[in-house]
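Working through the structure, step by step
Here is how the chains run, residue by residue.
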Amino acid sequence: MVNRISHYSKFFLVQILISLPLAASADVLEEPKLSSEFYAKLSVSVVKILAPAGGKLYAGSGVVVGKEEVLTNCHVVRRSQRITVMKGALRYPVESQKVDIFKDLCLLKAPGLILPAVELRDPSELRVGNYAYFYGYPGGADAFFTEGRVSGLHPYEDSLVIKTTAGFSSGGSGGGLFDSGGRLIGITTFFSAGHSGSYYALPSDWLHNLRKRNAEEVDRISGLTLWEKDLAEQPVFLQFSQYMEDGNVQAALKLTSKWIKKEPKNFDSWLSYGKVLHRIGRNEEAKRALEKALSYNPLDANALFTMANVLALVGDGANLKKVRDALELVDPQGVAEGKCNMAC
C-alpha cells in the first residue's frame, strides 16, 4: 500500500508540473480591459423578457444567440402564453420556442429581431479563477452588470455547470455570463439561499442540442428543472453542496462513496469525496482521493487548495510546497480559498 501511494503521489505531481506552463498563458492571469466597447458588446445582445400570466407580469433576461433567436431559462417563461422580447423601446413578440425544461433552457424565436448574436465559448476551456461577468435585468428593470470569477466547474450532461462569484438576483435568470472577451460561457439560472451564496450558470454549449429540438407554439410549460426537483433527483454535485451546507457530513460521505464508484473518472466526484474525508479528519484517505481528482484535472484550483490543506495536516512538506506553487500560479487571487467575494 505504501509503495502504491508513493507512486501515485509522484504521478499526480508530475501531472501538475507538466501542466504549469499552460497555466501561465491562461486568461486567469489576464487583466481584463473593461472598456466602453466591452460593455456595449454585452449590452446590445442581452435583452429583457416579459411573460405575463395569471394577471401577473413575470420578467427575466435573455441572450441573443442567432438571427431571431434568444436563449433564456424556461422557468422565466413557462407560465405564459404570450412572450415578448424587449430591447429599449423595441418589442418583439415570440412566435415559437424550443424547450428543454429539465435543463431549464428555452430558445425563443422572435421574428424581426436582428440584434447581434453573441459569440460562444466552450466551457471546457474554463478554469477556476477565470474572470466572469454577469449582464442581465434583475428585477425586470434596468440592466445590471457584475464582475466576478469562475469559482467551480461541475461536469454534468456532457458539459460543465459553472459556479461563479458574479452575483445576480431574481430577474437575472436567463442573463448572460461572459468571459473577459465578451464571449458567452453560460446562462445565469439559480443561486443557493444558504450561507455559501453560490451562483450557477448553465453551460453555453447546451444550446447546440436545444437547437435540434422541434419548435413548439408559445404555451405553458410543465415539469421541473434540474435544480427544482427533490434533492435526491438533483445532480449529485448539488446534493453534495446541500448536505455540506446543512452540516450533514454522514449523508455527504455516503453520497460521495457511491459517486466515485458510479463516475470513477469524474474529477468532481473524487474532489467531493476528498473534501468530506478531510472534513471528518480522515486525511490520509482524503489525500489519496484528491490525488485521484488531480490525476484527471491537474490544475483545478479547488482540488489544489483542498490538497494543500490536507498535506499540511499530514506533514508532507515537500509535496505541500509543490502544490502551493501550482496554486499560486493557477489561482493567484485565492478564488478557491474564498478570498474573491464578487469582484477581486
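Bear in mind that the values here come from a model prediction, so they are computed numbers and not experimental data. (Residues numbered from 1 in each chain as written. Predicted model: local features only at pLDDT ≥ 70, side-chain atom pairs only at ≥ 80, totals over all residues. Heavy atoms only, no water.)

Right, let's get into helix α9 (residues 301–314). Spacing of three or four residues puts side chains on the same side of an α-helix, whose turn is 3.6 residues. The terminal C-alpha atoms of α9 lie 20 Å apart, and with 14 residues this matches the ideal 20 Å at 1.5 Å per residue to within 8%. Within α9, burial applies to Ala 301, Asn 302, Ala 303, Leu 304, Thr 306, Met 307, Ala 308, Val 310 and Leu 311. Capping of α9 at its N-terminal end is provided by Asp 300; its side-chain oxygen lies 3.2 Å from the backbone amide nitrogen of Asn 302. Downstream of α9 by one or two residues, Gly 315 has phi in the positive range, about 75 degrees. (Helix = DSSP H or I, 4+ residues; strand = E, 2+ residues; numbered from the N terminus. Expected span 1.5 Å × (residues − 1). Buried < 20%, exposed > 50% of the residue type's maximum accessible area, 1.4 Å probe, protein only. Polar contact = N/O pair within 3.5 Å; in protein donor to acceptor, adjacent residues only side chain to side chain.)

What follows is about the sheet that holds strand β7 (residues 105–109). Pairing within the open sheet is antiparallel, and its eight strands lie in the order β5-β4-β1-β2-β3-β7-β6-β14. Two strands in the sheet have a free side with no partner beyond their single neighbour: β5 (90–93) and β14 (216–217). Judged from the three bridges that link them, strand β1 (residues 46–53) and strand β4 (residues 84–87) form a sheet pairing that is antiparallel. Across the sheet, Ile 49 pairs through a bridge with Val 85, a residue of β4. Strand contacts of helix α2 (residues 36–45): β1, β2 (56–66) and β4, with the helix running at about 25 degrees to β1, the strand carrying the most contacts. (Pairing = 2+ DSSP bridges. Contact = heavy atoms within 4.5 Å. Axes fitted to C-alpha atoms, helices over the stretch in contact; angles between N-to-C directions.)

Oppositely charged side chains are able to pair whenever their charged atoms sit close together. Applying the stated criterion across every chain yields a total of eleven salt bridges. Glu 125 is the partner of Arg 121 in a salt bridge, and the nearest nitrogen-oxygen pair spans 3.2 Å. Exposure remark for Glu 125: the relative accessible area of 47% places this residue in the partly exposed category. Linking Arg 121 and Asp 179 is a salt bridge whose minimum nitrogen-to-oxygen distance equals 3.2 Å. Note that Arg 121 is positioned in the loop between β7 and β8 (131–136) and Asp 179 in the loop between β11 (175–178) and β12 (184–191), a separation of 58 residues in sequence. If you follow the salt bridges from partner to partner, you end up with Arg 121, Glu 125, Asp 179 and Arg 183 in one network. (Salt bridge = Lys/Arg side-chain N within 4 Å of Asp/Glu carboxyl O.)

Turning our attention to the packing of helix α6 (residues 249–262) against helix α7 (residues 267–279). Two numbers describe how α6 lies on α7: the axes approach to 9 Å, and their chain directions differ by 145 degrees. The hand of the α6/α7 crossing is left-handed. Judged by residue contacts, Val 249, Ala 252, Leu 253, Thr 256, Ser 257, Trp 259 and Ile 260 of α6 engage Asp 268, Ser 269, Trp 270, Ser 272, Tyr 273, Val 276, Leu 277 and Arg 279 from α7. Looking at the contact of α6 with α7, its residues break down into nine nonpolar, four polar and two charged. (Left-handed = near helix turned anticlockwise from the far one by under 90°. Nonpolar A, V, L, I, M, F, W, Y, C, P; charged D, E, K, R; others polar.)

Taken by themselves, the reported measurements are silent on function.
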